[in-house]
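Remarks on the overall topology
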Amino acid sequence: MSGAATHSVLASASAIAGLALFAAWSILLTVIDIRERRLPNRLLVLASGTTIPLLLASAVVHGFHRGGPSAIASDAADRLIWDTVLVAAAFGAVFAALWRWSPQGIGGGDVKLSPLVGAAVGFTGGWTAATLTVVGAFAAAAIWSIVRRPRRRPGALEKASAVPFAPCLFASAWATIACI
């Protein structure tokens, strides 16, 4: 197998492994957030620490073989690396600002989760995917909130029911990834 073919296989395997790992973390963290209404820090660190490096490794391997016709692929790999890193950072910054502005509206676990989701959607679709994911997540949370709104009985106090945001964020990310 030639060097370029080897790099292509390695890059594809790394991308598939990263997205498969993102899928596994999506399921686990969604179940935990729905059941417990919290996302454990150690799982968030483990999820980000295992998934993001695989996605970045895929992008780096794509750009490893420079020169000749690969220069075009190398430019695409550079863009892929930057999209992955910058979208992850932007998600972290935006969600941290939202949490700072309204801590009752979004949880700290969602803030810590956002760079992982940002990296996955940035890797698969760049800034367009990032925008669609954020809009879709908030739309899903709004719909969930309306559907799950407790029925009001005369004379009864309305019980507050917070919507777990991680499932909305993951659902929107996967819908975006599937459509990009």
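Above this text sits the structure in question.
A brief look at the structure comes next. (Residues numbered from 1 in each chain as written. Predicted model: local features only at pLDDT ≥ 70, side-chain atom pairs only at ≥ 80, totals over all residues. Heavy atoms only, no water.)

Focus on the side chain of Thr84
Among the secondary structure elements, Thr84 is positioned in helix H3 (residues 70-101). Here Thr84 falls in the buried class, since its relative accessible area comes to 1%. Here the side chain of Thr84 touches Leu80 through a polar contact of 2.8 Å, landing on its backbone oxygen. What Thr84 contacts, discounting residues up to four positions off in sequence, is Leu56, Gly118, Ala119, Gly122 and Phe123. (Helix = DSSP H or I, 4+ residues; strand = E, 2+ residues; numbered from the N terminus. Buried < 20%, exposed > 50% of the residue type's maximum accessible area, 1.4 Å probe, protein only. Polar contact = N/O pair within 3.5 Å; in protein donor to acceptor, adjacent residues only side chain to side chain. Contact = heavy atoms within 4.5 Å.)

Section: the packing of aromatic side chains
Enumeration according to the criterion identifies 6 aromatic pairs in this entry. For the ring pair Phe95 and Phe138, a centre distance of 6.2 Å and an interplane angle of 15° mean the geometry is stacked. Placement of Phe95 in helix H3 and of Phe138 in helix H4 (residues 108-147) is noted, with a sequence separation of 43 residues between them. By relative accessible area, which is 37% here, Phe138 ends up partly exposed. With 4.9 Å between their ring centres and 40° between their planes, Phe138 and Phe165 make a pair best called tilted. Of this pair, Phe138 sits in helix H4 while Phe165 sits in helix H5 (residues 165-179), placing them 27 residues apart in sequence. Through pairs of rings, three or more aromatic residues link up here, namely Phe91, Phe95, Phe138 and Phe165. (Phe/Tyr/Trp six-rings, centres within 6.5 Å; stacked < 30°, edge-to-face > 60°.)

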